[in-house]
Amino acid sequence: MSELVDFNELKENIEKVLSGIREAEKISGRPVGSVKLCAVSKFHPFTDVIGAMKCGQFMFGENRVQEADVKFAQVADYISRNPETFSAAPELHIIGSLQRNKIKKAAEIASCIQSVDREVILVEAEKACSKIGKTLKVFLELHTGEDSKSGYATADELLKSAENIALGKYPHIELAGLMTMAPFTEDEALIRKSFAELRMTGEKLCKEFPDLGAAALSMGMSQDYRIAIEEGSTMVRVGTAIFGQRNYA
Ligand SMILES: *Cc1c(COP(=O)(O)O)cnc(C)c1O
């Protein structure tokens, strides 16, 4: 786990990222306020989540289900002991690759799974959600060039899953949009290409399944969120620029 960031530093970081987002919206002619911020708290302690909530940030991204489960139970406990402190509840998004045996737990604890990259996640999440009467939001993740293997390998495979959702196979799953990770590179052209690919897949999705109404595009991280917004992102997932470096030791 990483060092606790100082609260004032955390506040400054969040303000900096939010103003960076607003600037990128203006530059690309996007409506101000159209891009949401998901604060990626992985590897940081629950006290940092509480700190961010005190700054008005309520949407959080976590990679690992086990870590998220423990951390957000601590957050819930803190909130129950300090019920007056917050104007809203935290919204947990799972954004990392999901092993099959973690899907049920992920569906139970998260508001949204952004890293859906194969049909079995939908099948297992539907099972878990129907048992507890919950509707889960999902993003379908497209592999557009990052080094890891996560994401549907092709847009066609992704659209096939979207079709199954559109056909009503998963009544407790709501398709919210698409997600991708750009390659880790200095080459801006490659990064743009990756984001543009997700945008085009989103356009295809809306055309083929107009009833889904899913148009959100989750793309952009600390290093590339401005570029992502220029390429049409409606949600950026920012960790390091808010919470500082992660200590993977
Ligand atoms: C860790 C992670 C992020 C945040 O990355 P930063 O570079 O720290 O902003 C965003 N999305 C995914 C899927 C991640 O795993």
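Above: the structure in question.
Residues numbered from 1 in each chain as written. Predicted model: local features only at pLDDT ≥ 70, side-chain atom pairs only at ≥ 80, totals over all residues. Heavy atoms only, no water.

Visitor: Provide a residue-level description of the environment of Leu212, including the pertinent values.
Guide: Relative to the helices and strands, Leu212 is located in the loop between helix H7 (188–208) and strand S7 (216–218). The contact partners of Leu212, leaving out residues within four places of it in the chain, are Ala162, Ile165, Ala166, Leu175 and Leu205. (Helix = DSSP H or I, 4+ residues; strand = E, 2+ residues; numbered from the N terminus. Contact = heavy atoms within 4.5 Å.)

Visitor: Pulling in residues and values, what's your account of the site of the ligand?
Guide: Around the ligand, the structure places Val40, Lys42, Asn63, Ile95, Met181, Met221, Ser222, Arg237, Val238, Gly239, Thr240 and Arg246. Residue Asn63 places a side-chain N or O atom 3.1 Å away from an oxygen atom belonging to the ligand. Contact distances for the ligand include 2.6 Å between an oxygen atom and a side-chain N or O atom of Thr240. Contact with the protein chains removes 93% of the 390 Å² of surface that the ligand exposes when unbound. (Near = heavy atom within 4 Å. Polar contact = N/O pair within 3.5 Å; in protein donor to acceptor, adjacent residues only side chain to side chain. Areas by Shrake-Rupley, 256 points an atom, 1.4 Å probe, with all protein chains shown as cover.)

Visitor: Provide a residue-level description of the packing of aromatic side chains, including the pertinent values.
Guide: For the structure on display, the rule yields two aromatic pairs. Relative to Phe72, the ring of Phe60 lies with its centre 6.0 Å away and its plane at 55 degrees, an arrangement referred to as tilted. Residue Phe60 is located in strand S2 (residues 59–62), and its partner Phe72 is located in helix H3 (residues 65–81); the two are separated by 12 residues in the primary sequence. Here Phe60 and Phe72 have matching classes, each one buried. With a centroid separation of 6.2 Å and an interplanar angle of 55 degrees, the aromatic rings of Tyr78 and Phe86 are classed as tilted. Among the residues examined, Tyr78 registers a relative accessible area of 18% and is labelled buried. (Phe/Tyr/Trp six-rings, centres within 6.5 Å; stacked < 30°, edge-to-face > 60°. Buried < 20%, exposed > 50% of the residue type's maximum accessible area, 1.4 Å probe, protein only.)

Visitor: Quick one: what's the story with the layout of surface pockets, residue by residue and with numbers?
Guide: Of the volumes computed, that of the largest pocket is approximately 680 Å³. For the largest pocket, the lining is made up of 28 residues, of which Met181, Ala182, Phe184, Met221 and Arg246 are closest to its centre. In terms of residue class, the lining of the largest pocket is made up of nine nonpolar, 11 polar and eight charged. Taken as a whole, the second largest pocket spans an internal volume of roughly 200 Å³. Ser34, Lys36, Met59, Glu91, His93, Lys137, Phe139, Glu174, Ala176, Ala216, Thr234 and Met235 are the residues that line the second largest pocket. At the level of secondary structure, the elements contributing two or more residues to the lining of the second largest pocket comprise strand S3 (91–94), strand S5 (136–141) and strand S6 (173–179). (1 Å grid on protein atoms, 1.4 Å probe; cavity = no way out; pocket = protein on both sides within 12 Å on 5 of 7 lines; lining within 4 Å. Points joined across faces, edges and corners; volume = space filled by probe spheres on them. Nonpolar A, V, L, I, M, F, W, Y, C, P; charged D, E, K, R; others polar.)

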